[in-house]
Amino acid sequence: MKRIFAIIDLFAFYVFEVIKSNIIVARDVLGNQSRLKPGFVEVETGPLTEIQTFWLANLITMTPGTLAVDVYPERRTLLLHTLYSSDPDEVRRQVANKFERRITAAL
């Protein structure tokens, strides 16, 4: 039963995240472009399995403003392109706190 609630939580979180990201990216692209700082960030995937890493990379790619460019399984890292790379540590924290935690619980 816990897993079912975790899957529902992941789905609800992801739908909200996509809507929120669409609004933020549209606002910044059409208006305040000074907030944009495109660049690459390496994010450690920690103890995620291959399936969990697959889901993480795909969910990140489908979220506006981010793209998983490559997966390095031997180093357990993802190479992300983001429109907001001015603070790479914040990007890493968001991936770990928002996505990884929910994916681990759901899968």
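Before reading on, note that the structure itself is shown above.
What you see is a predicted model, and the numbers here were worked out from it, not measured in a lab.

The rules behind the values
- Residues numbered from 1 in each chain as written.
- Predicted model: local features only at pLDDT ≥ 70, side-chain atom pairs only at ≥ 80, totals over all residues.
- Heavy atoms only, no water.
- Helix = DSSP H or I, 4+ residues; strand = E, 2+ residues; numbered from the N terminus.
- Buried < 20%, exposed > 50% of the residue type's maximum accessible area, 1.4 Å probe, protein only.
- Axes fitted to C-alpha atoms, helices over the stretch in contact; angles between N-to-C directions.
- Parallel < 35°, antiparallel > 145°, perpendicular 65-115°, else oblique.
- Left-handed = near helix turned anticlockwise from the far one by under 90°.
- Contact = heavy atoms within 4.5 Å.

Student: In this structure, what is going on with the environment of K20? I would like to understand it.
Tutor: When you line up the elements, K20 lands in helix 1 (residues 2–30). Looking at K20, the relative accessible area reads 28%, which means it is partly exposed. Through-space distance from the C-alpha of K20 to that of R35 is 16 Å; in sequence the pair is 15 residues apart.

Student: Looking at this model, I keep getting lost on the packing of helix 2 (residues 50–61) against helix 3 (residues 88–106). Mind explaining?
Tutor: Geometrically, a packed helix pair is captured by the angle between its two axes and the distance between the axes. Between helix 2 and helix 3, the shortest axis-to-axis distance is 10 Å and the interhelical angle comes to 130°. Compared by their axis directions, helix 2 and helix 3 come out oblique. Pair helix 2 / helix 3 crosses with right-handed handedness. The residues of helix 3 that touch helix 2, namely those facing Q52, W55, L56, L59 and I60, are V95, F99, E100, I103 and T104.

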